[in-house]
There are 2 protein chains.
Amino acid sequence: MKQFFNPKTIAVIGASRSRRKVGNIVFRNLLKDKRKVYAVNIKAELVEGKRSYKSVLNIKKRISLAVICIPAKFVPKVVEECGIKKIRNVIIISSGFSEIGRQGKRLENQIKKIAKKYKIRILGPNCLGVINVNENLNATFFEGDLLPGDVAFISQSGALGVAVLDWAIKEGLGFSKFISIGNAVDIEFNKLTEYLNEDKNTKVIALYIESLKDGKKFMEICKKVKKPIIVLKAGKTKAGIKATASHTGALVGSYDVYLSAFKQSGVLNANSIKELLLSALFISNQGLIKGKKACILTNAGGPGVLCADNFEFNGFEIADIPKKLMKELNKVLPKQWSHNNPIDVIGDAQADRYKKVLNLISKKPFFDFLICLLTPQAMTEPIKTAQELVKFHKKTKIPVITCFMGGKRIERAVNILKENQIMNFENPKQASDVIKILF
Amino acid sequence: MKQFFNPKTIAVIGASRSRRKVGNIVFRNLLKDKRKVYAVNIKAELVEGKRSYKSVLNIKKRISLAVICIPAKFVPKVVEECGIKKIRNVIIISSGFSEIGRQGKRLENQIKKIAKKYKIRILGPNCLGVINVNENLNATFFEGDLLPGDVAFISQSGALGVAVLDWAIKEGLGFSKFISIGNAVDIEFNKLTEYLNEDKNTKVIALYIESLKDGKKFMEICKKVKKPIIVLKAGKTKAGIKATASHTGALVGSYDVYLSAFKQSGVLNANSIKELLLSALFISNQGLIKGKKACILTNAGGPGVLCADNFEFNGFEIADIPKKLMKELNKVLPKQWSHNNPIDVIGDAQADRYKKVLNLISKKPFFDFLICLLTPQAMTEPIKTAQELVKFHKKTKIPVITCFMGGKRIERAVNILKENQIMNFENPKQASDVIKILF
């Protein structure tokens, strides 16, 4: 597998001269790194100013990985050539295989046979390719520089992959690896999950799954994998199952069966693509949460109520404040404080008042995680409050979730939180929906 | 009520010289418009370069509205003065009343008595005030210029109000009116909802409710109001109800009782503050949707499946494509199209292919609303596709929801949609959760 993620030398078969074509984009993406990349193009002499070869067979040096971007009907021939050239790792980006019907299925079977003959490992066809952020490798036609992170994301849909990567760049979310598996004739979730378990740059594995070829094996692997695995599974309803069949040709089992299998195997289950990524990011930042007892700290009663609602609705417990702590809180808070969890420190609270409460509750925590809400009122100090939360989190290691609510007035504070592995949610509902995934 | 939303002359009682104080911010906000605003301040001669009066009694001109921002204990006296001066409309922004306990409750009762004696209508106390975007009136201490829109938003929580307004400005969402009712000793949801029903600039009424003083009356009013009313009700769970009691002192009835009363009165129910605003905005753009049959159009199979899942899960029907239309679609689409709803036009679709499908389905729509998904792939034309959707929507009047998914690559297209009353959702789950509120 290593050669897919950190190949020494690469050949791009179908490296086009036209800047809008997939083969050209892949070639340019690969040229961004220092490793040796060869262009293969039957017509061109030069591609992007580099010498081009008619076939991989004309390249003298050893090739660790070939990336194929030519029309489907020519793919079997070049895979055969890869075999002869002893290239053992091939990404087939080209589409036009089983996803288009019987004719494509035949081509796909041909490729499988050739691959078996030469012991070639194949990723794809009909996929986006691989990005390894840690090794500066972009073997896809996605144009954009991913930010580094601890989350590895495998997508069965290339199109969804593109959308997610584009969104993640805008939102400042990072990845360790991105893999699009396409039709997955060879390398699929099982192999990749095992590989990512050993990858030192990956802390969390996020998967978008439409169908599993060997579900039983997958569950076995997941049981062994020590890193958190989060799945978004398509095909939840009848309409979704029908749509999956039209899309991939695969028969999808009942969602409930999947769900219980996931649960048994310790796989976490997300309900939307955004929740998948946010929960993965939360875990990569702060790890899993040990229990369901929440402490809510807020400068606004209304959002505090909504937060209590959302978390209790999602199965969490809004823990009671111990009597002794209550007395201590009475000493530092204005008399109209809520005397209850949510701890409403009242609208005129400055960072100092948050700090006093954080100090008191850190002494003997009666909860498993803290949710801190802030609305930007006249006296509020978003930045200083964010800094207090960062200190609290670093000192106590207690998981901290924040909902600083608003727009421009909280922007800088939210960035401070983010830089310090504290994830800010738009509102309590979003927070509770994402944190629910962890259980 | 008119004098709260479009007063001729205003007195700010407690117009402070200190720029960080509420009374100063309110005064400056009001000075932004041309109407006559008087500063009342017992100590100062000048506030923000304007002459200041010791008491409203010293002002010779008639005053339509007084805004009070002084410490609670002095409020009864100035309300009495307002009465003598024949000011019939008063906003009390000051806090320190029933929300802080018995002592505050006593002050609040005093004010009620004085108001009754002089026939003064009161908004507040402990509120943010009123913004009337249509008349350029900002009688709150919220610093920021709201964008104009058709949604009126009433919040029982001032802090939540601030957060929402700040967020809405950042997101480019507009309002007709914003009202924070605070402790609502006099003017509350009932009066305001009736008023907004007659307001020609308001198409949709969005309410954040913690507790209702006269729930029965409220339901009666809602039945009569012709404009869509959407509510976010706090106090859904035991923890939420307990938190509400700590926060407002009000006893909250069972959420289920509220829900069924809302349903009977035609009130729509949102589950989060974001959903409340997005559903209100959707209705203000495109009105209500007539039925539950969805047509999904996509250039990506995976998101299509997720969309079918999310909408069916939320009680919508992914309508079957009539046979005749299927034949027509076969003529214009590549043979590997999904042959099914979701209509997957395949990843290499340009705007032209979307257009052909839009033309065909508009002839005899087999659905109540269209959801159009787009992921920015190599051949995709987000802007042109957005333009085709705008044309389709204008011509057919069929409700259109979009999920253009991604970041930078779809930004301009999303703006085009937005400018033409088509709301783009981040992902199919968000879209289905918001559209569900309409039913």
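Starting afresh in each chain, residues are numbered from 1 along the sequence in its written order. For this description, chains carry letters from A and ligands carry numbers from 1, given in the order in which they are written. The predicted origin of the model limits local features to residues at a pLDDT of at least 70 and limits the giving and counting of side-chain atom pairs to 80 or more, whereas totals for whole chains, interfaces and linings rest on all residues. Derived side-chain values reflect all non-hydrogen atoms in the structure, with water molecules and hydrogen atoms excluded from consideration.

Q: Teacher, can you tell me more about the packing of aromatic side chains here?
A: The way to describe two aromatic rings as a pair is by their centre distance and the angle between their planes. When two rings of Phe, Tyr or Trp (its six-membered ring) have centres within 6.5 Å they constitute a pair, described as stacked for plane angles under 30 degrees, edge-to-face for angles over 60, and tilted for the intermediate range. In total, this model carries 22 aromatic pairs over all chains according to the counting rule given. Between F311(A) and F369(A) the ring centres are 5.9 Å apart and the planes differ by 45°, which places this aromatic pair in the tilted class. In this pair, F311(A) is assigned in helix α11 (residues 301–313) and F369(A) in strand β18 (residues 369–374), connecting sequence segments 58 residues apart. Both residues of the pair, F311(A) and F369(A), count as buried. Geometrically, the ring pair formed by F153(B) and F175(B) is stacked, given 6.2 Å between the ring centres and 25° between the ring planes. Highlighted residues: F153(B) in strand β10 (residues 147–155) and F175(B) in strand β11 (residues 174–180), separated in sequence by 22 residues. Residues F153(B) and F175(B) agree in their burial class; the two are buried. In textbook terms, an aromatic cluster arises when at least three aromatic residues are bridged by ring pairs, as seen for F311(A), F316(A), F369(A) and F439(A). Stacked on the ring of F316(A), the Lys or Arg K292(A) has its end atom at 5.6 Å from the ring centre. Numbered from the N terminus, helices here are DSSP runs of H or I no shorter than four residues, and strands are runs of E no shorter than two. Relative accessibility thresholds used throughout: buried, under 20% of the residue-type maximum; exposed, over 50%; partly exposed, between the two (1.4 Å probe, protein chains only). A ring has a charge above it when a Lys NZ or an Arg CZ is no more than 6 Å from the ring centre and no more than 35 degrees off the ring normal.

Q: Honestly, the interface of chain B and chain A in this entry has me stumped. Any pointers?
A: Pairs of residues are marked as contacts when any of their non-hydrogen atoms sit within 4.5 Å. In this complex, chain B contributes 72 residues to the contact, which on the side of chain A involves 72 residues. Here's the idea: put two parts together, see how much 1.4 Å probe accessible area each one loses, and the total over both is what we call buried area. Together chain B and chain A conceal approximately 5,400 Å² of surface at their shared face, both sides included; 58% is due to carbon and sulfur atoms. Here, a salt bridge means any Lys or Arg side-chain nitrogen found within 4 Å of an Asp or Glu carboxyl oxygen. Inspection of the region where chain B meets chain A yields ten salt bridges. Pairs of N or O atoms within 3.5 Å make up the polar contacts considered here, provided that, within protein, one atom can donate a hydrogen while the other can accept it, and that residues adjacent in sequence are counted only when both atoms are side-chain atoms. Counting across the interface, chain B meets chain A through 24 residue pairs in polar contact (both at pLDDT 80 or more). Within the residue set of the side of chain B that touches chain A, elements represented by two or more residues are α5 (158–171), β13 (229–233), α8 (238–248), α10 (273–286), α11 (301–313) and α15 (408–419) of chain B. Examining the composition of the side of chain B that touches chain A, we find that ten residues originate from one element, α11(B), more than from any other. Classification used: nonpolar for Ala, Val, Leu, Ile, Met, Phe, Trp, Tyr, Cys and Pro, charged for Asp, Glu, Lys and Arg, polar for all others including Gly. Counted by class, the side of chain B that touches chain A contains 28 nonpolar, 22 polar and 22 charged residues.

Q: Even after reading the chapter, I still don't get the state of the cysteines, so can you show me in this structure?
A: Here a disulfide denotes a covalent bond joining the sulfur atom of one cysteine to the sulfur atom of another. When the sulfur atoms of two cysteines come within 2.5 Å, that pair is taken as a disulfide. Under the criterion given, the structure shown has zero disulfides over all chains. Free cysteine C127(A): the closest other cysteine sulfur is in C69(A), separated by 9.4 Å.

Q: Mind showing me how you'd approach the relation of the copies chain B and chain A here?
A: Superposition of the two copies of the chain requires a rotation about an axis together with a shift along that axis. Only residues with pLDDT of at least 70 in both copies contribute their C-alpha atoms to the least-squares superposition of the copies. With an RMSD of 0.0 Å, the operation that places chain B on chain A is a rotation of 180° combined with a shift of 0.0 Å along the axis. The two molecules are tied by a two-fold rotation axis, judged by turn and shift. Every residue of chain B has its C-alpha some distance from the rotation axis, and the shortest such distance is that of Q430(B), at 5.4 Å. Interface overlap between copies is the fraction of interface residues in one copy that are interface residues in the other; for chain B against chain A it reaches 100%, indicating a shared surface.

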